Amino acid sequence: MSGHGDPIPMMSRKAGPLHGVAHVPGDKSISHRSLILGALSVGETRITGLLEGQDVLDTARAMRAFGAELADHGGGEWSVHGVGTGGFAEPEQVIDCGNSGTGVRLIMGAMATCPISATFTGDASLCARPMARVTDPLALFGARAHGRRGGRLPMTITGAADPVPVRYVVPVPSAQVKSAVLLAGLNAPGQTVVIEREATRDHTERMLVGFGAELTVEDTDEGRVITLTGQPELRAQDIVVPRDPSSAAFPVCAALIVEGSDVLVPNIGLNPTRAGLFTTLQEMGADLTFENPREEGGEPVADLRAKFSPDLKGIEVPPERAASMIDEYPVLSVVAAFAEGPTVMRGVRELRVKESDRIDAMAQGLRKAGVEVEEGEDWWIVHGRGFGNVSGGMTVESRLDHRIAMSFLVLGLASEKPVSVDDGGPIATSFPVFEPLMAALGARVERANH
Ligand code: S3P
């Protein structure tokens, strides 16, 4: 079932080569943060290229509920009139974050040091995901959380009326947890210190500096030490959101495995904390080039060109790269199925607590497609069958997970027989134009009953 309506069965099948230019939507992580930091600033933040996927729209609605004024000017142009650090008002209604772990966890952080209460909920996927990883550090500031057993949504957070600053070593590699603590630290007096042993996406740090916060980052033996000075006056910004490398992954990977393809994906954010997939694909022998590398809005960007790559080889993906490609393992496993030999992915326990258990979801579907997969708690191995040898011909469950749905639809573009997905509805959370964009490249991705 889709979280936002009736299921949308979808199907993909082999067609001619993929050709053309794919303008993928704005970055999801940066879009959420633009709205939240805009809401915590003084003045008008103007955003260009906002991702208007359901996840981000749910965050926009939440920011209105906390008192910010948001205007949608059309075409991804938004403006936000913020309430200032610590200025959130108590929402009158339950905050429904839909499918979005980023939305709910960052917003919980942002309100945890305000003297208000808020109740959060989401769809069946989000209500099954762990929230204690965020509420544990928020308790150190003085916030209280009451949720369901196991720290699950729905959950009420009562913010700290007299917050104290915190020093916190993040126990799991999670940018959401790091960001929740930093956003809470904004309204605590003194210095909040967050230490991460493995570097995760650093958009929150970069954007906080852009909005005028005092924040330093130091690489030490303990890890990345981030020090934020609390109670800054955040100043409204003009933000240009780069296009999402995690969305670019789908047309890029499709081009690699569909014979004769040549696809250009312009303006992709290539922050090193996000670009691990592209390094991995190049190590596998993918024909991938980065054209016009440049910097936009404080983030490195380039135009990516991907061409059909018939001689892909399985590799061992270094575990220390996992955080920089955590959302891309599902589609990597599809490319791995078309490579020669095993692709080994270790250090990926976090995949089990995403929108779905992504190792299980992909392993089950790949096996149905005729691909051998081995798995353990924090590792999996896809035994590639080589180009032209993946049978397909199965129906898979998307499990309320956009990336599972899109990954299997990409597989169906190159497998012998078509692939069906029980519900493509979740794709709208991050990539609402997936279907027309893929169709314009020449792919056959369709709603099954049309
Ligand atoms: C995100 C962080 C990642 C990622 C998610 C977006 C973010 O989650 O999977 O899609 O914007 O901070 P974790 O931080 O939990 O790994």
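S.K.: What is the right way to look at the pairing of strand E21 (residues 379–385) in this model?
M.R.: Consecutive side chains of a regular strand alternate in pointing toward one face of the sheet and then the other. Pairing geometry for strand E19 (residues 340–346) and E21, over seven bridges, is antiparallel. Its bridge partner being in E21, methionine 345 is matched across the sheet by tryptophan 380. Looking at chain direction, strand E20 (residues 372–376) and E21 are connected through five bridges and run antiparallel. Paired with glycine 376 across the two strands is tryptophan 379, which belongs to E21.

S.K.: Sorry, what's going on with the site of the ligand here?
M.R.: Residues in close proximity to the ligand include Lys28, Ser29, Arg33, Thr102, Pro173, Ser174, Ala175, Gln176, Arg201, Ile326, Asp327 and Lys354, which together make up its full environment. Note that an oxygen atom of the ligand is positioned 3.0 Å from one of the side-chain N or O atoms of serine 174. In the environment of the ligand, an oxygen atom lies 2.7 Å from a nitrogen or oxygen atom belonging to the side chain of lysine 354. In the complex, the protein chains occlude 96% of the 390 Å² of accessible area that the ligand would expose alone. Taken together, the elements giving at least two residues each to the shell around the ligand come down to helix H1 (28–39) and helix H6 (175–185). No other element matches the three residues that H1 contributes to the shell around the ligand. When its residues are assigned to classes, the shell around the ligand shows three nonpolar, four polar and five charged.

S.K.: What should I look at first to understand the confidence of the model for the chain in this one?
M.R.: Note that predicted coordinates carrying low pLDDT should not be read in detail. Confidence in the prediction of the chain, expressed as mean pLDDT, is 97, and 99% of residues score 70 or more. For the chain, per-element mean pLDDT is lowest for strand E16 (residues 287–296), which scores 95, and highest for helix H10 (residues 329–337), which scores 99.

S.K.: Can you walk me through the nonpolar core in this structure?
M.R.: Leu281, Tyr329 and Trp380 are the most contacted members of the largest nonpolar core, which totals 78 residues. Ranked by the residues each element gives to this core, the list is headed by helix H8 (residues 245–257), at nine residues. In terms of nonpolar packing, the next biggest core, distinct from the first, is built from 64 residues, Cys114, Met131, Val166 and Tyr168 among them.

S.K.: Looking at this structure, how should I read the sheet that holds E20?
M.R.: Each strand in a sheet pairs with its neighbour through backbone hydrogen bonds, running either in the same direction (parallel) or in the opposite one (antiparallel). With mixed pairing, the four strands of this open sheet are ordered in space as E18-E19-E21-E20. In this open sheet, the two edge strands, each paired with only one partner strand, are strand E18 (316–317) and E20. Along the sheet, H10 contacts E18, E19 and E21; its crossing angle with E21, the most-contacted strand, is approximately 35 degrees.

Thresholds applied
- Within each chain, residue numbers correspond to sequence positions counted from 1 in written order.
- The model is predicted, so local features are restricted to residues of pLDDT at least 70 and side-chain atom pairs to those at 80 or more, both for listing and for counting; the totals for chains, interfaces and linings are taken over all residues.
- For the side-chain quantities, the full set of heavy atoms in the structure was used; hydrogens and water were omitted.
- For two strands to pair, DSSP has to find at least two bridges joining them.
- Numbering of helices and strands starts at the N terminus; helices are DSSP runs of H or I of at least 4 residues and strands are runs of E of at least 2.
- Think of it this way: one heavy atom of a residue within 4 Å of a molecule or strand is enough to make that residue near it.
- The term polar contact refers here to a pair of N or O atoms within 3.5 Å; inside protein, the definition further demands a hydrogen-donor-capable atom paired with an acceptor-capable atom, and it admits residues adjacent in sequence only when both atoms are side-chain atoms.
- All accessible-area figures derive from a Shrake-Rupley calculation using a 1.4 Å probe, and residue coverage is judged against the displayed protein chains alone.
- Nonpolar residues are Ala, Val, Leu, Ile, Met, Phe, Trp, Tyr, Cys and Pro. Charged residues are Asp, Glu, Lys and Arg, and all others, Gly as well, are polar.
- The quantity called pLDDT is the predictor's confidence in a given residue, expressed from 0 to 100.
- Here, nonpolar core means buried Ala, Val, Leu, Ile, Met, Phe, Trp, Tyr and Cys residues that are tied together by side-chain atoms lying within 4.5 Å of each other.
- Relative accessibility decides the category of a residue: with a 1.4 Å probe and only protein chains considered, values under 20% of the type maximum give buried, values over 50% give exposed, and everything between is partly exposed.
- The criterion used for residue contact is that any of the two residues' heavy atoms lie within 4.5 Å.
- Only the stretch in contact is used when fitting a helix axis, every axis being a line fitted to C-alpha atoms; angles between N-to-C directions are given from 0 to 180 degrees.

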